[in-house]
Amino acid sequence: MSDFEDINTRGLVLVGCGRMGGAMLKGWLSRGLQPGSVTVIDPRLAPEWQDKGLRVNQPLPENPAVMVLAVKPQMMADALGGVPRLSDTLVVSVAAGTTIDTFERSFPDAPIVRVMPNTPAAIGQGISALIGNGLATAAHLDTAETLMSAVGRVVRLDSEDQMDAVTGLSGSGPAYVFHMIEAMAKAGEAQGLSPELSLELARMTVAGAGALAVDADEDPAVLRENVTSPGGTTAAGLKVLMDPENGLPPLMRRTVAAATERGRELGKGAA
Ligand SMILES: NC(=O)C1=CN([C@@H]2O[C@H](COP(=O)(O)OP(=O)(O)OC[C@H]3O[C@@H](n4cnc5c(N)ncnc54)[C@H](OP(=O)(O)O)[C@@H]3O)[C@@H](O)[C@H]2O)C=CC1
Ligand SMILES: O=C(O)[C@@H]1CCC=N1
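Quick notes on the rules
Residues numbered from 1 in each chain as written. Chains lettered and ligands numbered in written order. Predicted model: local features only at pLDDT ≥ 70, side-chain atom pairs only at ≥ 80, totals over all residues. Helix = DSSP H or I, 4+ residues; strand = E, 2+ residues; numbered from the N terminus. Buried ≥ 20, exposed ≤ 12 C-beta atoms within 10 Å, placed from the backbone. Contact = placed C-beta atoms within 7 Å. UniProt positions renumbered as here; feature names shortened; annotations may be inferred. Near = placed C-beta within 6 Å. Nonpolar A, V, L, I, M, F, W, Y, C, P; charged D, E, K, R; others polar. Core = buried A, V, L, I, M, F, W, Y, C linked by C-beta atoms within 7 Å. Pairing = 2+ DSSP bridges.

1. Here we look at the overall build of the chain
- Each helix and strand counted, the chain has 11 helices and eight strands in total.
- Along the longest, intermediate and shortest principal axes, the C-alpha atoms of the chain span 70 × 40 × 35 Å.
- For the chain, with 271 residues in total, the buried portion stands at 32%.
- The long-range share in the chain, meaning contacts at least 24 apart out of those at least 6 apart in sequence, stands at 62%.

Structural data, given as C-alpha cells:
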C-alpha cells in the first residue's frame, strides 16, 4: 500500500512551487504521489513542471487531503486570500516565521502543521522539524511526517517557540554550508591552487565530512580529533578556526541568532 493512498485519492494542493515547494514535490512524486492527484497553484510555474501530468492552476478539488503552503511569508496573505476555508483538509505550511495562529485565522476549523524543511530535500537528504495546532491529531501529524520523510529526516518539536531557531539553524543552514565551501575554495586559491581544483577539494571535503558525521557512531568532536595529529597541520588550522573570540563559534552564534531574529520579525508581519 502506498504511503500516499489517502492523498492520491483526495488530492494534494501545493500553493507555491518555487525552490522549496518544487524540492518537496520532486521527492513526493518519486515516492509514489500520483501527478494527477496534485493541484499546483503558482501563477508563474517553472516550465520544468508543465508536462508532468500535474493539475496546474486549476480549480481545487472539493475536499483535498492536504494543502501545502510554500510561498514566501510576505506573499502568504495574498495566497491565503485565494483559497477556500477548508476544514477537513490538513494544512501544512513551510513558511519561515508565519505562525500557526495566522493560519488559524484563515482556517479556523482545520488541522494545521507548521514545518521547517530545507533544500537538500530535493535529493531526499533534507531535515524537517514540525509542530501541529490543537486540531492536528496524531493521524494528521503522521500524515505530515509521511510527506516530509519522503524528502529526508523528520523531527517533531515540543513547542512552536522552537521554530524560529530551527529555521535559523537547519532551514537556512544549507546556505551557511555552501558559503563554507565557497570560503574554503577561496582560501585554497589564496595558497596557490587553481579555482577548479580548489572548488572540487572544498566541495568533496564538505560532502564527505557531512556524510561521515551522519554515518559514524562518534560525535563530530571525536571525528574532528581523529583528523588532528598533535603538532600537525590540522591543529594549526583549528587554532585559528576555533578561537573563542574571533573564530567560528562566536561567528556561527551570531549567524544563527540573526536568522532566528529575522524569523521572529517575519512572524510579526515584517516585510
Ligand atoms: N528556500 C529555502 O531554502 C526554504 C524556504 N522555506 C520557505 O518556503 C517558502 C517558499 O520559499 P522558496 O521556495 O525559497 O521561494 P520561491 O520564491 O522560490 O517560491 C515561491 C513560489 O510561490 C509563487 N507564488 C507567489 N505568490 C503566490 C501566490 N499568491 N499563490 C501561489 N504561488 C505564489 C512564486 O512565484 P513568483 O516567483 O512568480 O513570485 C514562487 O514560484 C517560504 O515561505 C520560505 O520561508 C522553508 C525552508 C527552506
Ligand atoms: O531565507 C529564508 O527566509 C528561507 C527560510 C529558511 C531558508 N530559506
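2. Observations regarding the UniProt feature "domain: Pyrroline-5-carboxylate reductase catalytic N-terminal" (unreviewed entry) in the chain
- Those places that UniProt annotates as "domain: Pyrroline-5-carboxylate reductase catalytic N-terminal" (unreviewed entry) correspond, in this numbering, to residues 14–97.
- Along residues 14–97, the helical share is 21% and the strand share 19%, with 19 Å between the first and last C-alpha atoms.

3. Focus on the site of ligand 2
- The environment of ligand 2 is made up of A96, T167, G171 and S172.
- Grouping the amino acids of the shell around ligand 2 by side-chain chemistry returns one nonpolar, three polar and no charged.

4. Examining unusual backbone geometry
- Of note in the backbone geometry, N57 takes a positive phi value of approximately 50 degrees without being a glycine.
- Mapped onto the fold, N57 is located in the loop between β3 (55–56) and β4 (66–69).
- Judged by the 12 C-beta atoms lying within 10 Å of it, N57 falls in the exposed class.

5. Describing the site of ligand 1
- Around ligand 1 sit 26 residues, and of these G16, G18, M20, A95 and A96 come closest.
- Residue assignment for the shell around ligand 1 shows that the elements contributing at least two residues are α2 (19–30) and α3 (76–81).
- Take the shell around ligand 1: its biggest share by element is three residues, from α2.

6. Digging into the nonpolar core
- Ranked by internal contacts, the top residues of the largest apolar core, which has 54 residues, are L14, L69, V91 and V92.
- With five residues, α2 is the single largest residue contributor to this core.
- When neighbours within four sequence positions are excluded, V92 is seen to be in contact with V66, V68, L69, V113, V115, A144 and L147.

7. Some remarks on the pairing of strand β6 (residues 112–116)
- Across the five residues of β6, five count as buried, placing the element largely inside the fold.
- The two faces of β6 match: I112, R114 and M116 on one face and V113 and V115 on the other face are all buried.
- Sheet analysis places strand β5 (residues 90–93) next to β6, joined by three bridges and oriented parallel. What sits directly across from S93, in β6, is R114.

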